[in-house]
Amino acid sequence: MAVARAAQTLGETAPRLWRLLHKHVDAAYAEADFSHVSCVGVDEMSVRKGHKYISVFADLIKKRVLFAAEDRYAGVFPQFIEALEAHNGPRHALTEVSMDLSPAYLKGVRETCRNATVVHDKYHGIANLVLATEKGRRREQKQRPELKDSRWLLRKNPENLNEEQAAELAVLTQSNLASVKAYQMRLAFQDAYRLPSANAARRRLAAWCRWVRMGRQKFGALFTEMEKFAASVERHLDGILAHWRHGLTHAFMEGLNSVFSAVKRRARGFRSFEYLRTMLYLVAGKLRLPAI
């Protein structure tokens, strides 16, 4: 329920409820203890349309939000470290930081957390690859009409296709299409995550990047986005391979997106970041609020 609706139901004013929320959440957050935080996840979350984002940091062990900052640039990391140390959490106790392939977040970790290993999230990597394949498909569809209505067909994994879709895909694979080749490459990239060790994954991913470049030579501009993704994999290879060494996942951060959507609804009508942060800490911060 939005705060304004709750105020109406309770016969109170919304500003008074917000004053109570700010006061109690701020007091509880000031008493929070981050001394045992070692594994942190960071992710950007969209506040509204127009590329307005906030950065959310969470403890991946205790599954709680630690800090939220406006925007998604490298400067949010010093802000997080300041908040961490203000709650008895030494920065060099951080051993793992899970994130997407954001250069800004990577720079922030390198500048502030010397002992932390960056673990690039599997979900974001595959999501970026799906986006690269889709951009190529749109470009090729202008030349090859048989790709019409194939968007969701080439986004699904084979095991999720029904009989009709499987038959359509079988027909497409008979054609020399860049989109189908990119689809097959995407499945191969996903299969790399089933390998048992980082060394095996390193060899597989290196071969995969060479395969993409061969596709670029064959299909030209239709493989531009795929080649960019392959270059990104090579730049962030150590962080991607850390997935095997540390076993850290970004699942809590992805689940937090649904919670964040509920938070935005509760803070509806308020554009101030402070209102959004207060509600986020209230819902997902696991704070010790005063009993009444």
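In what follows, the structure referred to is the one given above.
These remarks concern the structure in this document.

How each quantity is defined
Residues numbered from 1 in each chain as written. Predicted model: local features only at pLDDT ≥ 70, side-chain atom pairs only at ≥ 80, totals over all residues. Heavy atoms only, no water. Core = buried A, V, L, I, M, F, W, Y, C linked by side-chain atoms within 4.5 Å. Buried < 20%, exposed > 50% of the residue type's maximum accessible area, 1.4 Å probe, protein only. Contact = heavy atoms within 4.5 Å. 1 Å grid on protein atoms, 1.4 Å probe; cavity = no way out; pocket = protein on both sides within 12 Å on 5 of 7 lines; lining within 4 Å. Points joined across faces, edges and corners; volume = space filled by probe spheres on them. Helix = DSSP H or I, 4+ residues; strand = E, 2+ residues; numbered from the N terminus. Nonpolar A, V, L, I, M, F, W, Y, C, P; charged D, E, K, R; others polar. Pairing = 2+ DSSP bridges. Right-handed = clockwise from strand over helix to strand, strands pointing away. Phe/Tyr/Trp six-rings, centres within 6.5 Å; stacked < 30°, edge-to-face > 60°. Lys NZ or Arg CZ within 6 Å of the ring centre and 35° of its normal. Axes fitted to C-alpha atoms, helices over the stretch in contact; angles between N-to-C directions. Parallel < 35°, antiparallel > 145°, perpendicular 65-115°, else oblique. Left-handed = near helix turned anticlockwise from the far one by under 90°.

Judged by nonpolar contacts, the single largest core of 58 residues is most densely connected at F67, F77, F80, L94 and M99. Those residues in contact with F80 that sit more than four places away from it in its chain are V40, F57, L66, F67 and L94. Among the nonpolar cores identified, the runner-up in size contains 29 residues, and L129, L195, L205 and A230 belong to it.

Tallied over the entire structure, the rule returns 3 cavities of 30 Å³ or more. A volume near 70 Å³ is recorded for the largest cavity. What lines the largest cavity is simply T133, E134, R137, R151, L154, R155, S179, A182, Y183 and R186. If you list the elements that add at least two residues to the lining of the largest cavity, you get α5 (122-141) and α7 (178-192). Residues that form the lining of the largest cavity fall into these classes: 3 nonpolar, 2 polar and 5 charged. As for the second largest cavity, its lining consists of A132, T133, G136, R137, A178, S179, A182, L222, F223 and M226.

Where burial is concerned, the two faces of strand β4 (residues 96-99) agree: the one with E96 and S98 and the one with V97 and M99 are both buried. As paired strands, strand β1 (residues 39-48) and β4 are joined by 3 bridges and run parallel to one another. Paired with C39 across the two strands is E96, which belongs to β4. The pairing of β4 with strand β5 (residues 117-120) spans 4 bridges and is classified as parallel. What sits directly across from V97, in β5, is V118. Taking the sense of rotation as the criterion, the β-α-β connection linking β4, helix α4 (residues 103-112) and β5 turns out right-handed.

The geometry of two aromatic rings is summed up by the distance between their centres and the angle between their planes. For the structure on display, the rule yields 14 aromatic pairs. Ring geometry for Y29 versus F34: centroids 6.1 Å apart, planes at 70°, classification edge-to-face. Chaining the aromatic ring pairs together yields one cluster made of F57, F67, F77, F80 and Y105. The positively charged end of R72 is found above the aromatic ring belonging to Y53, 3.8 Å away from the centroid.

Turning our eyes to something else, we now look at the packing of helix α3 (residues 76-86) against α4. For the pair α3 and α4, the least separation of the axes is 8 Å and the interaxial angle reads 45°. Classified by the angle their axes make, α3 and α4 are oblique. For the element pair α3 and α4, the recorded crossing hand is right-handed. Here V76, F77, P78 and I81 of α3 come into contact with α4, specifically with Y105, G108, V109 and T112. Each residue belonging to the contact of α3 with α4 can be placed in one class, and the counts come to 6 nonpolar, 2 polar and no charged.

Summarising the element assignment, T278 is placed in helix α12 (residues 273-284). The buried category is assigned to T278, whose relative accessible area is 5%. Not counting residues within four places of it along the chain, the set of residues in contact with T278 comprises L21, H22 and V25.

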